[in-house]
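Geometric and topological summary
One letter stands for each residue in the lines below.
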Amino acid sequence: MKYFLSIKYILIVSLLLIAALPCVKAETIDPVSSPDSFETLKKEARESESPDDWKRVIDNAQARKDTADLGFAYASYLQAMANMRPAGFKEEARPIMTFLLDTRQYDYYFALYNLLISRLFSDQAYRQAQEEAELMYQQAKEIGQPIGMAMALRVQGQIFYKLNLYEKAYSVLREGSRTCPSYKESLNAFTTAQSLCEWQIMTCQKAERYEEMLPLADLYGEMLAYWNGKGWKDPSGHYPVTHLSLRAIALLKAGRKEEARDCLHQARAYMLPAFPARAYEHFYEARYLLHYEEGAYKEAIADIDTLLETHRDYYPFYLNDIRTKAELLSLSGQPQQSIRLYRDYIQANDSIAKEEIARQLDELRIQYEVEKAQQENLQKTRYLHLAFIIIGLITLLLSLYIIYANKLNAKNRLLVTRLEERDKWAKNFLSLEPEPERQPAAKITNPPTSHEIIQRLGAFMINERPYRNSALDRKELAKALQINERTLANALREENDQTVLEYITMYRLENARHLLSLKNPVTLKEIAEQCGFGTLRTFQRSFRDRYGMPPSQYREIISQKEQ
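Every chain is numbered independently, its residues counted from 1 as its sequence is written. A pLDDT threshold of at least 70 governs which residues receive local features in this predicted model, and a stricter bar of 80 or more applies before side-chain atom pairs are shown or counted, although totals over entire chains, interfaces and linings include all residues. For side-chain calculations, the full set of non-hydrogen atoms in the structure is used, while hydrogens and water are omitted.

1. Section: the nonpolar core
- Grouping buried Ala, Val, Leu, Ile, Met, Phe, Trp, Tyr and Cys residues that are joined through side-chain atoms within 4.5 Å yields what is termed a nonpolar core. Relative accessible area decides the class of each residue, using a 1.4 Å probe on protein chains only: under 20% of the type maximum gives buried, over 50% gives exposed, and in between gives partly exposed. Among the nonpolar cores identified, the biggest contains 112 residues, and Leu112, Ile117, Met136, Phe190 and Phe283 are the most heavily contacted of them.
- Secondary structure is summarised from DSSP: a helix means a run of H or I of at least four residues, a strand means a run of E of at least two, and numbering begins at the N terminus for each. The element contributing the most residues to this core is helix 6 (residues 106–122), with twelve residues.
- The contact criterion used throughout is that any non-hydrogen atoms of two residues lie within 4.5 Å. Residue contacts for Leu112: discarding those within four places in its chain leaves Ala75, Leu78, Gln79, Ile96, Met97 and Leu100.
- Judged by nonpolar contacts, the second largest core, of 20 residues, contains Ile454, Leu477, Leu481 and Tyr507.

2. Details of helix 24 (residues 536–547)
- The span you would expect from a helix comes to 1.5 Å times its residue count less one. The terminal C-alpha atoms of helix 24, which comprises twelve residues, lie 16 Å apart, in line with the 16 Å expected from a rise of 1.5 Å per residue.
- For helix 24, the full list of buried residues reads Phe539, Ser542, Phe543 and Tyr547. On an axial view of helix 24, the arc spanned by its buried residues comes to 105°, and they lie on one face. Turned more than 90 degrees away from the buried face of helix 24, the exposed residues are Arg537 and Asp545.
- Downstream of helix 24 by one or two residues, Gly548 has phi in the positive range, about 75°. Each direction from the helix axis to a C-beta atom contributes to the arc, which is the arc of those directions.

3. Some details on the pattern of salt bridges
- Just to be clear on terms, a salt bridge is a Lys or Arg side-chain nitrogen sitting within 4 Å of an Asp or Glu carboxyl oxygen. Under the counting rule described, the total for this entry stands at 15 salt bridges.
- The salt bridge involving Arg256 is made with Glu259; its shortest N-O contact spans 2.8 Å.
- Residue Glu259 is classed as partly exposed on the basis of its relative accessible area, which comes to 34%.
- Residue Arg287 pairs with Asp303 through a salt bridge whose shortest N-O separation is 2.8 Å. Linking Arg287 in helix 14 (residues 281–294) with Asp303 in helix 15 (residues 297–310), this pair joins segments that are 16 residues apart in sequence.
- Take Arg287: its relative accessible area is 24%, and that puts it in the partly exposed class.
- Using a relative accessible area of 1% as the deciding quantity, one classes Asp303 as buried.
- Bridged by salt links that share partners, the residues Arg64, Asp66 and Asp69 form one connected network.

4. Remarks on the packing of helix 20 (residues 474–481) against helix 21 (residues 485–495)
- Note on definitions: angles span 0 to 180 degrees between N-to-C directions of axes, and those axes are lines fitted to C-alpha atoms, for helices only across the stretch in contact. Where helix 20 contacts helix 21, the two axes come as close as 9 Å, and the packing angle between them is 100°. Judged on the interaxial angle alone, helix 21 and helix 20 are roughly perpendicular. Residues Arg474, Lys475, Leu477, Ala478 and Leu481 of helix 20 lie in contact with helix 21, whose contacting residues are Glu485, Leu488 and Ala489.
- Following the grouping adopted for this structure description, the nonpolar residues are Ala, Val, Leu, Ile, Met, Phe, Trp, Tyr, Cys and Pro, the charged ones are Asp, Glu, Lys and Arg, and the polar ones are all others, Gly among them. In the contact of helix 20 with helix 21, the residues fall into five nonpolar, no polar and three charged. Orientation categories follow fixed angle ranges, with anything under 35 degrees roughly parallel, anything over 145 roughly antiparallel, 65 to 115 roughly perpendicular, and all other angles oblique.

5. Comments concerning helix 20
- Those residues of helix 20 lying buried are Leu477, Ala478 and Leu481. Along the axis of helix 20, the buried residues cluster in a sector spanning 100°; they form a single face. Turned more than 90 degrees from where helix 20 packs its buried face, Lys475 and Lys479 sit exposed.
- In this structure, the buried residues of helix 20 make contact with helix 19 (450–464), helix 21 and helix 22 (500–516).

6. Observations concerning the side chain of Asp53
- Inspection of the secondary structure puts Asp53 in helix 3 (residues 51–64).
- Taking relative accessible area as the criterion, Asp53 reaches 15% and is therefore assigned buried.
- With residues near it in sequence (within four places) discarded, Asp53 still touches Glu44, Ala45 and Ser48.

7. A short note on the packing of aromatic side chains
- Only Phe, Tyr and Trp rings take part, Trp by its six-membered ring, and two of them pair if their centres are within 6.5 Å. Stacked means planes under 30 degrees apart, edge-to-face means over 60, and tilted covers everything else. Going through the model one piece at a time under the given rule, you end up with 24 aromatic pairs.
- For the pair Tyr109 and Phe110, a centre-to-centre distance of 5.0 Å together with 75° between the ring planes defines the contact as edge-to-face.
- Overall, Tyr109 belongs to the buried group, its relative accessible area being 4%.
- Here a set of aromatic residues connected by ring pairs shows up, and it is made of Tyr183, Phe190, Tyr226, Trp227, Trp232 and Tyr239.
- Charge over a ring is defined by NZ of Lys or CZ of Arg lying within 6 Å of the ring centre and within 35 degrees of the ring normal. The ring of Tyr170 has Arg209 sitting right over it, with the charged end atom 4.0 Å from the ring centre.

8. Thoughts on the packing of helix 19 against helix 21
- Running from N to C, helix 19 and helix 21 cross one another at 100°; their axes reach a closest spacing of 9 Å. Overall, the two elements helix 19 and helix 21 adopt an arrangement that is roughly perpendicular. Residues Ser450, His451, Ile453, Ile454 and Leu457 of helix 19 lie in contact with helix 21, whose contacting residues are Thr487, Leu488, Ala491, Leu492, Glu494 and Glu495.
- Taken together, the residues that form the contact of helix 19 with helix 21 break down as six nonpolar, three polar and two charged.

9. Considering the confidence of the model for the chain
- Of all residues in the chain, 80% have pLDDT values of 70 or greater, and the mean over the chain is 80.
- The pLDDT score gives, residue by residue, the confidence of the prediction method on a 0 to 100 scale. Across the chain, helix 11 (residues 210–229) holds the top mean pLDDT of 93, while helix 18 (residues 427–431) sits lowest at 44.
- Contacts for the low-pLDDT stretch residues 1–31, under 50 throughout, to residues beyond four places or in other chains number 73 contacts.
- Note that residues 424–445 has pLDDT below 50 and, in this model, 26 contacts with residues that lie over four places away or in other chains.

10. Things to note about the environment of Leu329
- As for its placement among the helices and strands, Leu329 is situated in helix 16 (residues 315–331).
- Residue classification places Leu329 among the buried residues on the basis of a relative accessible area of 6%.
- Counting along the chain gives 31 residues from Leu329 to Lys298, while the straight-line C-alpha distance between them is 8.0 Å.
- Non-local contacts of Leu329, meaning those with residues more than four positions away in its chain, are made with Ile301, Gln334, Pro335, Gln337, Ser338 and Leu341.

Structural data, given as structure tokens:
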């Protein structure tokens, strides 16, 4: 599809829409701001297509505060700008489009949005054009405008078509046809559906989906016939010529040359000399294909020359026409002219390729920098999220630890309290004060019972405090009680369910607990040495195993209770 179809389409839509605008009677006799003056100015601007003339139409509508006429004048002014002064189009388009959106003149708004995207594409801002097309679709979807959505999909299809991505263009254009309201709903729906159908036919031709072209051409004719039956007529003949020309191309691809010739003959009757060739470019393309099929190369060259003039302002299509003409010149027996054109084509193509490569490299560099910045921001965000997660976990663990520590501290306090209560009725055992001196016990001749051995052992441990000696073992205790080691071990196991070492350690720990309760400061190392522990580490481990807390915490709890 050619570049000018976008502008041509919008011009035709505007003509159709203005025909449907209601007539507004003026309430003032000022000729400058009267509706009659507006119609006169509008007629003059249409004839000249000058942006300056359309500005006068805008001034008239503003003076009358007629929003509908002002929207039409703005849209026509921008269309003239796009044709006559494309350099300033994009700067002036934004505020006007904002006005149209605010006043809910969606038909004009989306038509101009389409024109803006086409201008971006012609300026080779392909990425921005695609982004604007996607934004146009989302905006139309948000405000519930299916025609706007269909127009956005159409312009996306146009972009893919111009980038030679024909399968992608075909898919998007089909989606646009499904989104568009019925062509019977309004003239705007008809023109949008017609344009989508036209683009699909051209895309099918490029994608070699020839079998789908004829049904689409018939659908185009069906839409046209419906509105002709309603009394609507196309004064330019563009629609009937386009329909018959596209049908002729489809018939040629199906090998039906005679039928294609009849279609072109019918199309010729609708063409008007007053309208430029670009309004009928499908006709010249179809006739060129027919002449090519028939071997009438000189006639085909004449059609290509018309297309060259039509595409002069859009260089990629113009270049493609040069190549086609060079081929036709070679086939028509004009090799020198063909070689010269091929040379021009190659030089121009190389020049365009160099410019395109430079532009793409620049785009890739910008894209790389943007993506790099996005990646860095994403990485920072991930690190930030990870930091928040870690902080949250640390906070949770700290909270759990505090809760656990409080519970454990309460449990240890309860344990210390119970130990103190036990010490009240076992004060003699806790203080470990020796009993008054007694006469040494006589050696027992009969074997003592286990209970008797334990009583004698307890008295010996309290009075003599042998556990203070870190080397104390089962042999020394048995010797002191004048019994053998096995008898001592059996008695402890039967009565206390303890080993000799556990029994000795119990006395050492009880003595340590007593020392920890004293007010005078004694270091843990000194307590370990006084109570018969070999090392401070052994003392701390044994104390924790028995009481569930380190000796330092036990001392702290005792100190707190006293305070």
